[in-house]
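Single-letter residue listing:
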Amino acid sequence: MLNSSRTSRRILLLIVILAGAFIARFFLISRLDQRVIYSDEQKNLAIAEHLTSGAGYSIAEGRPTAVIPAGYPLWLAALRLAGLPDPAQVRWAQLVLSLLTIVIVYFFSRMLFGEIAALLAAAGCALYPYFIFLPGTILATTLYSMLLVLGTWMYVKAVTSNNNKMMFFGGMVWGWAVLTVTTAVVLAGATVVWHLGHARRGWREGLRLAGFFAAGMLLLLLPWIARNQLRLGRPLLATNGGYNLWLGNNPASDIDSPCSVPTPPDMDERIISSGSEIYADSLFSATARSFILAEPGVFVKRTLLKALFFWRLDPSPVTASYLRSDGMVRAAGLLTFLPLLLLTFWGYRKAPPQVKKRMALFMYYALAYTAVHAVMIVKVRLRLPLDHFIIMMAAYGLTLVRLQRHKSEERMPGSA
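Let us look at the structure shown here. Keep in mind that this is a model prediction, so the values were computed, not measured.

A closer look at the pattern of salt bridges
Opposite charge on two side chains permits pairing when their charged atoms draw close.
Step number 1: Across all of its chains, the model carries 2 salt bridges by this definition.
Step number 2: Residue Asp387 is joined to Arg383 by a salt bridge in which the shortest nitrogen-to-oxygen separation is 2.8 Å. Both residues of the pair, Asp387 and Arg383, count as buried.

Right, here's the structure in full:
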């Protein structure tokens, strides 16, 4: 009876947390107008419209494209087919995704760190300013966040229970994540590396589970790669990597605002005359490599600065252009993210070995994602999906603070 009462109370708390998350997101989205500001948002909507109208995976003129990977436009196309084509309707659908992500974080945290940490993590994700703002953008980050947390949870459950099916279906979720944000392939690689280094039942068992994980991913990725080989002449995930490498290493670009650098007129002319985004991708990549080879010392310094910038305390989400309270948004980010980082490091330092081993996977993700974005372009909002793991670890760290304070009070002379 006592356990049943506790379970009911915790379920009620989770419902209250989700209600608070809904109200905060509802308030923000209801204040947004129907503008679609960013070029990536416009491309996402255009591709989804063309997909549902029979024009194929294209942005304009029926020309096949891979400048944006397929995962998010396919989600938007599914919403259109379900009768939700307008930007406002997409934002409401993404509010649901955001709430679903909180539920996944709760169950994942409960498995790793216990019930109290799970409720704290859910509350943290519900009230984290940037997670409130992200569903208001028609960008892949909200969907990707849900896939990343879900895929990691399924992977950990599969390893814990030695479940081949769970590992395979978790790999499929990771495949969809890579189709949504291509740099997720770096985190997938970090997962495999961590797995092989921490396999409990020997390297053969580790390889077998890793094989199921890779098979699930490839089931999702190979059709898209084959399509790009047939339609564009190259087996790739996306054709925007060269441009991002060029922006990230262009001496004229500002680390804080790299997209403000226009393409030089001569490059524009060559790209337009070629009529090929594959050529454009190759040209940007080659030019970026020339920047790096010309001044390798500058490249190293810039890369280290970008790595630090990737973890800045006020990542100023893209929704700032939809809102007028940019200063308030940054202040909210600063006041929330700094305590989360401190609690994360505290929790990792104080955790017992078995828990620290679980947290090490999230640290792998932080290092891998920082490395790839330090070399490429740094848009700090791209880090925000990792903040779910930061909040989970911070929630666990907070439980240790409470536990240590409780033990200190018990040791005080004259205490009851």
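A short note on the packing of helix α4 (residues 87–113) against helix α7 (residues 141–161)
Step number 1: At a minimum axis separation of 9 Å, α4 and α7 run at an interaxial angle of 25°. In this view, α4 runs roughly parallel relative to α7, as classed from their interaxial angle. For the element pair α4 and α7, the recorded crossing hand is left-handed. Taking contact as the criterion, the partners of Gln94, Leu97, Ser98, Leu100, Thr101, Ile104, Val105, Phe107, Phe108, Met111 and Leu112 in α4 are, on α7, Thr142, Leu143, Ser145, Met146, Val149, Leu150, Thr152, Trp153, Val156 and Lys157.
Step number 2: A per-class count over the contact of α4 with α7 returns 14 nonpolar, 6 polar and 1 charged.

A short note on the packing of aromatic side chains
Step number 1: One pass over the full model with this rule turns up 23 aromatic pairs.
Step number 2: Members of the aromatic cluster, connected to one another through ring pairs, are Phe108, Tyr155, Trp174, Trp194, Phe213, Phe362, Tyr365 and Phe389.
Step number 3: Looking at Lys356, its charged tip hangs above the ring of Tyr348, at a distance of 5.4 Å from the centre.
Step number 4: Lying over the aromatic face of Phe337, Arg383 brings its terminal NZ or CZ to 4.3 Å of the ring centre.

Examining the environment of Tyr144
Step number 1: Among the structural elements, Tyr144 can be located in helix α7.
Step number 2: When the C-alpha positions of Tyr144 and Ala184 are compared, they lie 8.8 Å apart, and in sequence the two are 40 residues distant.
Step number 3: Excluding residues within four positions of it along the chain, Tyr144 makes contact with Ala177, Thr180, Val181, Ala184, Leu187, Tyr369 and Pro385.

Things to note about unusual backbone geometry
Step number 1: Here the phi dihedral of Asn162 falls at roughly 55°; this positive angle occurs in a residue that is not glycine.
Step number 2: Counting through the fold element by element, Asn162 comes out in the loop between α7 and α8 (164–180).

Examining the nonpolar core
Step number 1: Judged by nonpolar contacts, the single largest core of 111 residues is most densely connected at Leu76, Phe108, Leu187, Tyr365 and Met392.
Step number 2: No other element matches α7, which puts 13 residues into this core.
Step number 3: Leaving out residues up to four positions away in the same chain, Leu187 has contacts with Tyr144, Leu148, Trp174, Tyr365, Ala368, Tyr369 and Leu386.
Step number 4: If you look at the next biggest cluster of nonpolar residues, it comprises 11 residues, including Leu245, Leu247, Met267 and Ile377.

The rules behind each value
Residues numbered from 1 in each chain as written. Predicted model: local features only at pLDDT ≥ 70, side-chain atom pairs only at ≥ 80, totals over all residues. Heavy atoms only, no water. Salt bridge = Lys/Arg side-chain N within 4 Å of Asp/Glu carboxyl O. Buried < 20%, exposed > 50% of the residue type's maximum accessible area, 1.4 Å probe, protein only. Axes fitted to C-alpha atoms, helices over the stretch in contact; angles between N-to-C directions. Helix = DSSP H or I, 4+ residues; strand = E, 2+ residues; numbered from the N terminus. Parallel < 35°, antiparallel > 145°, perpendicular 65-115°, else oblique. Left-handed = near helix turned anticlockwise from the far one by under 90°. Contact = heavy atoms within 4.5 Å. Nonpolar A, V, L, I, M, F, W, Y, C, P; charged D, E, K, R; others polar. Phe/Tyr/Trp six-rings, centres within 6.5 Å; stacked < 30°, edge-to-face > 60°. Lys NZ or Arg CZ within 6 Å of the ring centre and 35° of its normal. Core = buried A, V, L, I, M, F, W, Y, C linked by side-chain atoms within 4.5 Å.

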